[in-house]
Amino acid sequence: MFFSFSLIFSLLFYSEFNIKEPGNIIKFMISINALISIGFLYLSLLVSPLIIVFPKISYRAKLLQARRALGVSAFIFGFVHAFYAFNFSVGGFKGLALSPLSYVVTVTFGGISLFILFLLALTSFDYAVGKLTFRIWKKLHRLIYVAGVFILMHAFLLGSRFRELSLSSLIFYPALLFLGILEMLTIVKFTWAKRGKI
């Protein structure tokens, strides 16, 4: 339902303003959905290390419960972003075939990450956990880190706002650094735990 609402809203938004300023509206839809998708993905990646590093954090159970919804939301907005970018900016498969190899590789990074997010969204329900078993499900959902790396490369290579001094870059890189520090602390904590030091 949420996916349908997002897609319909985007299509209506484009239809409403297409005649007046089609280029600007399409660029807006591509950018805003990409940024929202990255935001949801970041929050979903943040939950686990945040809880591990700060085990007494408030609303721990609610954060864990919200993690799946954040991942699904990342896919939804990522799909809307990909729909507009591929059809209007890239020019579909015909436009992709005429593009330089470096551009095709960058678009492929985005495509692979979107497919991973699709798989994770599809298996984000308790029914899927029961069918796959928790061990396999957990391994599958670790692919979110692969998707995160591919999205980072895709965003940096295609998104000028991430290569230049902008509000997006001023928020994005400190947030990425914060996540990296939390992940490092998580690894250190698990390493010490295995050695029996904590």
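Residues numbered from 1 in each chain as written. Predicted model: local features only at pLDDT ≥ 70, side-chain atom pairs only at ≥ 80, totals over all residues. Heavy atoms only, no water.

Draft legend 1. Just the overall build of the protein chain, in detail. When helices and strands are counted, the protein chain shows 10 helices and 0 strands. Along the protein chain, helices and strands appear, N-terminal first, in the series α-α-α-α-α-α-α-α-α-α. The buried share of the protein chain, reckoned over its 198 residues, is 35%. Taking contacts inside the protein chain between residues at least 6 apart in sequence as the whole, the part at least 24 apart equals 69%. (Helix = DSSP H or I, 4+ residues; strand = E, 2+ residues; numbered from the N terminus. Buried < 20%, exposed > 50% of the residue type's maximum accessible area, 1.4 Å probe, protein only. Contact = heavy atoms within 4.5 Å.)

Draft legend 2. A look at helix α10 (residues 167-194). Look at α10: 41 Å from first C-alpha to last across 28 residues, which is about the 40 Å you get at 1.5 Å a residue. Of the positions making up α10, those classed as buried are S168, S169, F172, A175, L179, L182 and T186. (Expected span 1.5 Å × (residues − 1).)

Draft legend 3. Highlighting the pattern of salt bridges. For the structure on display, the rule yields 1 salt bridge. One salt bridge in this structure joins R68 and D126, with 2.8 Å as the shortest N-O distance. With R68 in helix α3 (residues 60-90) and D126 in helix α6 (residues 126-132), the pair connects residues that are 58 residues apart, well separated along the chain. Looking at R68, the relative accessible area reads 31%, which means it is partly exposed. (Salt bridge = Lys/Arg side-chain N within 4 Å of Asp/Glu carboxyl O.)

Draft legend 4. The packing of α3 against helix α5 (residues 101-122), seen in detail. Two numbers describe how α3 lies on α5: the axes approach to 9 Å, and their chain directions differ by 150 degrees. On the basis of the axis angle, α3 is roughly antiparallel to α5. Classified by chirality, the crossing of α5 by α3 is left-handed. For the pair formed by α3 and α5, the contact residues are V72, A74, F75, G78, F79, A82, S89 and V90 on the first element and Y103, V107, L114, L117, F118 and A121 on the second. For the contact of α3 with α5, the per-class residue count stands at 12 nonpolar, 2 polar and no charged. (Axes fitted to C-alpha atoms, helices over the stretch in contact; angles between N-to-C directions. Parallel < 35°, antiparallel > 145°, perpendicular 65-115°, else oblique. Left-handed = near helix turned anticlockwise from the far one by under 90°. Nonpolar A, V, L, I, M, F, W, Y, C, P; charged D, E, K, R; others polar.)

Draft legend 5. Fine view of the packing of aromatic side chains. Counting across every chain of the model gives 9 aromatic pairs. Each ring, one from F86 and one from F93, has its centre 4.9 Å from the other, and the planes form 75 degrees; the classification is edge-to-face. Note on F93: relative accessible area 67%, which makes it exposed. One aromatic cluster in this structure is built from F75, F79 and F118. (Phe/Tyr/Trp six-rings, centres within 6.5 Å; stacked < 30°, edge-to-face > 60°.)

Draft legend 6. Local environment of the packing of α5 against helix α8 (residues 143-158). Contact geometry for α5 and α8: axes closest at 8 Å, N-to-C directions at 150 degrees. For the crossing formed where α5 meets α8, the hand is left-handed. Seen from α5, the contacting residues are Y103, T106, V107, F109, G110, I112, S113, I116, L117 and L120; seen from α8, they are L143, I144, V146, A147, F150, I151, M153, H154, L157 and L158.

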